[in-house]
Amino acid sequence: MSPSHTASLPFDLKRPIIGAPMAGGISTPELVAAVTNAGGLGFLAGGYKTPHQLAEQIIATRALTSGPIGVNLFVVAANDVDEHELETYRQELKYYADRYGIEVGTHKWDDDSWHGKLDVLQDLKPDVVSFTFDCPEVEVLDELNALDIHTAVTVTSTDEARIAAERGAQILIVQGTDAGGHRATFDPAAEPGTEPLPDLITAIRNTTDLSLIAGGGISTREQVRTVLDAGAAAVQVGTALLLADEAGTNSTHRSALQDPTFTETKVTRAFTGRPARGLRNRFMDEHDRSGHAYPQIHYITAPLRAAAAANNDPHALHLWAGTGYRTTHTGPAADIIADLTP
Ligand SMILES: Cc1cc2nc3c(=O)[nH]c(=O)nc-3n(C[C@H](O)[C@H](O)[C@H](O)COP(=O)(O)O)c2cc1C
């Protein structure tokens, strides 16, 4: 690896690899610390946690590494929902719930404990904080920057990159179309872009001098090199770490990632209302919906997904994965990070 790869990041890394924050229990303190201890940057996922749980995880991670760590938060905008459409979806899902003897979830909006989590970050000061789903207001980024916390905003287009740069983000995390999990697209109703990641990096590189971290579908050293050559200072990988020994990926998800009967990934709004890429399964095929009420749809399907995981049913569960899932492998995160490093 040439040192120039990370030269433009505002902090030093031995390896230009960022372990993506993965909400839902996957980014354990053990995984985050292992990525950092391997010379990359590990990220905790703040999404869906209470502020107290997030604080505990930061403290637990700090006990496992003296290197830098990142924390990611969801930025959830208020929305107007079509109550009738949501109720129709609830009825449509009733047969899934009946199968498990449970109720379909009820929908609600919340901001994922935004202010409480910001307080935790200001108190415990992780080295880097990234945001997804939207860009925080200038004041929020200013406050974190003033505490010497590096701020990063995930973007999927040149327009989003411009907004994040104007509001004071120090780093842009460029997420490409092949990424596993939720697309970071600011407007949940918009169709996320589909241009190849190197083209998106080049387009954003032409509009800003900010450091770029880029990812989406990256699972080989050659792909890492391509992304760095396109102008990124580091690469963010999620799917490549899903089978790591330290990852909290549930056993149904782990098995599906290694099951040859899952032959492709697909972007769906069926599980949460936001577009997200995962292994194509029956739930996706049976509910090919355009509804974009996030987080309401997340809450409607949450009990079904929990029951599916408990019953080891990969066809009613969100199996988030990027297009590179075929080349992911098991083993210590340190080996996975070393294998990816050019
Ligand atoms: C299981 C899973 C969960 C994810 N959760 C988050 C999250 O909580 N916050 C976030 O910013 N990105 C999340 N992402 C997206 C990653 O940050 C990143 O964009 C993506 O993993 C890159 O594509 P790849 O999975 O093909 O490497 C998630 C991705 C996966 C696969």
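Residues numbered from 1 in each chain as written. Predicted model: local features only at pLDDT ≥ 70, side-chain atom pairs only at ≥ 80, totals over all residues. Heavy atoms only, no water.

Undergrad: Explain helix α8 (residues 197-205) to me, and be specific about the residues and the numbers.
TA: Of the positions making up α8, those classed as buried are L197, L200, I201 and I204. One side of α8 carries all its buried residues, which in axial view fall inside an arc of 100°. Where α8 is buried, its residues contact β5 (150-155), α7 (158-167), β6 (171-175), β8 (211-215) and α9 (221-229). (Buried < 20%, exposed > 50% of the residue type's maximum accessible area, 1.4 Å probe, protein only. Helix = DSSP H or I, 4+ residues; strand = E, 2+ residues; numbered from the N terminus. Arc of directions from axis to C-beta. Contact = heavy atoms within 4.5 Å.)

Undergrad: Give me the lowdown on the sheet that holds strand β10 (residues 265-268), citing residues and values where you can.
TA: Strand order in the open sheet made by the three strands is β7-β11-β10, with antiparallel pairing throughout. Single-partner strands in this sheet number two, and they are β7 (181-182) and β10. Across two bridges, β7 lies against strand β11 (residues 276-279) in antiparallel orientation. Residue pairing for β11: G181 is matched across the bridge by R277. (Pairing = 2+ DSSP bridges.)

Undergrad: So, the confidence of the model for the protein chain: which residues are in play, and what are the values?
TA: Looking at the protein chain, the pLDDT average stands at 95 and 98% of residues meet or exceed 70. In the predicted structure, residues 1-7 sits below a pLDDT of 50 and forms 14 contacts with residues beyond four places in sequence or in another chain. (pLDDT = per-residue confidence, 0-100.)

Undergrad: Got a sec to walk through the domain arrangement of the protein chain? Specific residues and values, please.
TA: When cut into domains, the protein chain gives domain 1 (3-76 + 111-247 + 327-340) and domain 2 (79-110 + 263-318). Averaged C-alpha coordinates put domain 1 and domain 2 at centres separated by 26 Å. Contacts between the two partners involve 21 residues from domain 1 and, on the opposite side, 12 residues from domain 2. By the criterion of area lost to domain 2, the three top residues of domain 1 are V76, H182 and P188, representing 36% of everything that side buries. Two residues, R269 and E191, come together in a salt bridge whose shortest N-O distance is 3.2 Å. Inspection of the domain 1/domain 2 interface yields 11 residue pairs in polar contact (both at pLDDT 80 or more). (Domains from an automatic or database assignment. Buried area = accessible area lost by both parts, 1.4 Å probe. Salt bridge = Lys/Arg side-chain N within 4 Å of Asp/Glu carboxyl O. Polar contact = N/O pair within 3.5 Å; in protein donor to acceptor, adjacent residues only side chain to side chain.)

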